[in-house]
Structures are given as structure tokens and as C-alpha cells.
Amino acid sequence: MEPQAEPKPIPLMTPYKMGASLDLAHRVVLAPLTRQRSYGNVPQPHAAVYYGQRATPGGMLITEATGVSDTAQGYTDTPGVWTAEQAEAWRPVVDAVHAKRVGIRLSPFMDYMDCHDSDPHALGLHMATKLNDHGILYLHMIEPRMALVDGRRVVPHRLLPYREAFKGTFIANGGYDREEGDKAVASGYADLVSFGRLFLANPDLPKRLELNAPLNKYNRLTFYISDPVVGYTDYPFLP
Ligand SMILES: Cc1cc2nc3c(=O)[nH]c(=O)nc-3n(C[C@H](O)[C@H](O)[C@H](O)COP(=O)(O)O)c2cc1C
């Protein structure tokens, strides 16, 4: 019998060393997703369940938007870290995922509310370059608005100049799926790829990507509700 060919490695599932000492087992990152289930700005026990569901050995999760002061609130019931009670309430979440890491996210192309710049590309490139002087572990950037070609979302791949300017770990985000994520890693366009809505709806996303299994669909209507379970910890795992 012919020997079986080795299965080809899935780029998103290959290990990656981040900085000097963080050994990631795969390249599928949870993108930051604001949720509004931290009543009175205090993380709740259900947050530990939610993040614990999405944790994998050697995986990386980025927390939801977290306030640093009571004047830094964009929405109600988002978690904070400015009181001892809040810091203590984060402890079970950290214990559930065993992860603490420092990086920065830039979204120069976003134009929400009054946030816009006359030259977002120049600003982003300046930031990406200057961050090299500050020992930042990773730079995480969102693609400009997605294009639709023949009814399919196409990632615009406009982050290369920033990827080249920044010397640390580069994380790409925005509209990625398995195919686009694999391409980004295989071509060196990004070291890691973060997934927002797909990870929100698929607690076992790394496993599904590894198996090329079908994905749960996300429900926008439950993104920002305050229920401790619905649209939060009740998305099913693979059997
Ligand atoms: C419910 C929800 C909340 C989000 N909250 C934040 C946030 O607090 N901070 C941030 O930088 N991006 C936030 N984003 C953007 C995501 O991190 C990500 O950039 C976006 O969903 C595109 O990635 P995706 O196509 O993989 O979902 C949010 C997105 C969603 C769907």
C-alpha cells in the first residue's frame, strides 16, 4: 500500500511564538466585543462562563471594551477596572482563561460618531511605526470597510503597510473566515487573525476551523441585550 500523505497543516492552526515567551498553539484570536452584561459595571459570574467557553490551551482572547474610569463609559453595563470590586470580579474570568497580555488596537479607518481623520492611512502608519519604540507586544488592526464582490464579502487586504512597519506580532481583523484567515497566515500578511462575530456565535471556533465544520450563525438582535445567557453562553458547541 502507498504510504498516506501527511495531511497539509491548516495555517490558522499552526503554533506561533508571540514576543519572547508566549507560546500560542494556534492563530485564532477572539476580537474585542462590547457586551452589556456587567451589571453596574461589575463583571458577573456569567462572564467567566462565556470567556471560559471560548478559551483553548494556547489560545488568545481579547476582552470586551472595559472602562478605566466612570467617565469612560460608552454604554450601560459594560465592565470596568477602576474599583477594587471590579478588579476582584475579573479574577474568576482570568482564572477561567489563564491569560493576561498587553497590546494595542488601532482602527484608523473607523468613522463612528465624530471619530474621523483627514488622512487615516498616514496616521495609522505613523502610529504603527512609533509603537516600535514602546515595547508593545502586538498590533491589532481592522481592515477598512468590507467590499462585496458577487455577493461574497471580500477582505480588502489593506493592512500590509502597517504590518511591515510594526516589528512585533501583527493581528488582522475584519470579515475574516476560515479561507481568508488561512490565506492571511500562509502569506505572512498577518501572524494572527481575530474573529469577532464568528467567535461570539461559535464558542468552539478554533475546533470548527480545524475540522472545517459548519458554523453557527450569529444573531445581531442579542449582541447587546443584558440577559446572562441568551446570545451569550447559549450558542451550541459541536456535538
Ligand atoms: C457586538 C460587537 C461588539 C464590538 N465591540 C467592540 C469594542 O468594544 N471594541 C472594538 O475595538 N471593536 C469592537 N467590535 C468590533 C470587533 O472587534 C471586530 O472588529 C468586528 O466585529 C469585525 O470583525 P469580524 O468580521 O470578525 O466580526 C465589536 C463588534 C461586535 C459585533
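All values reported here derive from a predicted model rather than from experimental measurement. (Residues numbered from 1 in each chain as written. Predicted model: local features only at pLDDT ≥ 70, side-chain atom pairs only at ≥ 80, totals over all residues.)

Looking at this structure, I do not really get the overall build of the protein. What am I missing?
Check the secondary structure of the protein and you find seven helices and ten strands. Scaling as 2.2 N^0.38, a compact globule of 239 residues should have a C-alpha radius of gyration of about 18 Å, and the protein matches this with 18 Å. Principal-axis analysis of the C-alpha atoms places the extent of the protein at approximately 65 × 50 × 40 Å. Counting across all 239 residues of the protein, residues that qualify as buried make up 29%. Of the contacts made within the protein by residues no fewer than 6 positions apart, 64% connect residues no fewer than 24 positions apart. (Helix = DSSP H or I, 4+ residues; strand = E, 2+ residues; numbered from the N terminus. Rg over C-alpha atoms; globule rule 2.2 N^0.38 Å. Buried ≥ 20, exposed ≤ 12 C-beta atoms within 10 Å, placed from the backbone. Contact = placed C-beta atoms within 7 Å.)

Would you mind showing me how to read the site of the ligand here?
Not every one of the 17 residues close to the ligand is listed here, only the nearest: Ala-31, Thr-34, Ala-65, Gly-196 and Arg-197. Here the residues of the shell around the ligand are counted per class, giving nine nonpolar, five polar and three charged. (Near = placed C-beta within 6 Å. Nonpolar A, V, L, I, M, F, W, Y, C, P; charged D, E, K, R; others polar.)

Could you clarify how one ought to interpret the sheet that holds strand 4 (residues 60–61) in this entry?
Working definition: the strands of a sheet are paired by backbone hydrogen bonds and lie parallel or antiparallel to each other. Strand order across the open sheet formed by six strands is 4-3-10-9-6-5, with parallel pairing between neighbours. With one partner strand each, in any of the chains shown, strand 4 and strand 5 (104–106) form the two edges of the open sheet. With three bridges joining them, strand 3 (residues 28–30) and strand 10 (residues 192–195) adopt parallel strand pairing. Residue pairing for strand 10: Val-29 is matched across the bridge by Ser-194. (Pairing = 2+ DSSP bridges.)

So what exactly am I meant to see when it comes to the nonpolar core here?
When a protein is soluble and globular, its nonpolar side chains tend to lie buried together. Of all hydrophobic cores here, the largest spans 40 residues; its most connected members are Val-29, Leu-139, Ile-171, Ala-172, Ala-190, Val-193 and Phe-195. Contact partners of Val-193, with chain neighbours within four places excluded, come to Leu-12, Arg-27, Val-28, Val-29, Ile-171, Ala-172, Tyr-176, Gly-181, Ala-184 and Val-185. (Core = buried A, V, L, I, M, F, W, Y, C linked by C-beta atoms within 7 Å.)

Looking at this model, I keep getting lost on the packing of helix 1 (residues 45–54) against helix 2 (residues 84–97). Mind explaining?
For any two helices packed against each other, the geometry is given by the interaxial angle and the distance between the axes. In the contact formed by helix 1 and helix 2, the axes pass within 8 Å of each other and the chain directions differ by 20°. In terms of their interaxial angle, helix 1 and helix 2 are classed as roughly parallel. Both helix 1 and helix 2 take part in a crossing whose hand is right-handed. Contact with helix 1, carried on its side by Pro-45, Ala-47, Ala-48, Tyr-51 and Gly-52, involves Pro-92, Val-93, Ala-96 and Val-97 of helix 2 and no other residues of that element. Classifying every residue of the contact of helix 1 with helix 2 by side-chain character gives eight nonpolar, one polar and no charged. (Axes fitted to C-alpha atoms, helices over the stretch in contact; angles between N-to-C directions. Parallel < 35°, antiparallel > 145°, perpendicular 65-115°, else oblique. Left-handed = near helix turned anticlockwise from the far one by under 90°.)

Help me understand helix 1, please; the structure alone is not making it clear to me.
Every α-helical turn comprises 3.6 residues, leaving residues that sit three or four positions apart pointing alike. The complete set of buried residues in helix 1 reads Ala-47, Ala-48, Tyr-50, Tyr-51 and Arg-54. Looking down the long axis of helix 1, one finds its buried residues gathered within 165° of arc, a one-sided arrangement. Packed against the buried residues of helix 1 are strand 3, strand 4, helix 2 and helix 6 (197–201). (Arc of directions from axis to C-beta.)

Please clarify how unusual backbone geometry should be interpreted in this entry.
A negative phi angle characterises most non-glycine residues, just as the trans form characterises most peptide bonds. In this structure, Asn-41 takes a positive phi of about 70° despite not being glycine. Position of Asn-41 relative to the elements: it lies in the loop between strand 3 and helix 1. Overall, Asn-41 belongs to the buried group, with 20 C-beta atoms counted inside 10 Å.

So what exactly am I meant to see when it comes to the pairing of strand 10 here?
Here strand 10 shows two buried faces, one formed by Leu-192 and Ser-194 and the other by Val-193 and Phe-195. Here strand 9 (residues 169–173) runs beside strand 10; their pairing, made up of three bridges, is parallel. In the sheet register, Ile-171 faces strand 10, and the bridge partner there is Leu-192. Regarding topology, helix 5 (residues 178–186) serves as the crossover connection from strand 9 to the parallel strand 10, and that connection is right-handed. (Right-handed = clockwise from strand over helix to strand, strands pointing away.)

Help me out: how do you make sense of helix 2 in this one?
Spanning 14 residues, helix 2 covers 21 Å between terminal C-alpha atoms, matching the ideal 20 Å at 1.5 Å per step. Along helix 2, the sharpest change in direction is near 25° and occurs at Arg-91; proline Pro-92 comes one to four residues later. One or two steps after helix 2, the chain reaches His-98, where phi turns positive at roughly 55°. (Expected span 1.5 Å × (residues − 1). Bend = angle between axes of the 7 residues up to and from the residue.)

Explain the environment of Pro-206 to me, please; I cannot follow it from the model alone.
Relative to the assigned elements, Pro-206 resides in helix 7 (residues 205–211). Assessed through the 25 C-beta atoms surrounding it within 10 Å, Pro-206 is described here as buried. When the C-alpha positions of Pro-206 and Ala-65 are compared, they lie 22 Å apart, and in sequence the two are 141 residues distant. Here Pro-206 is in contact with His-26, Val-28, Thr-56 and Gly-59, once residues within four sequence places are set aside.

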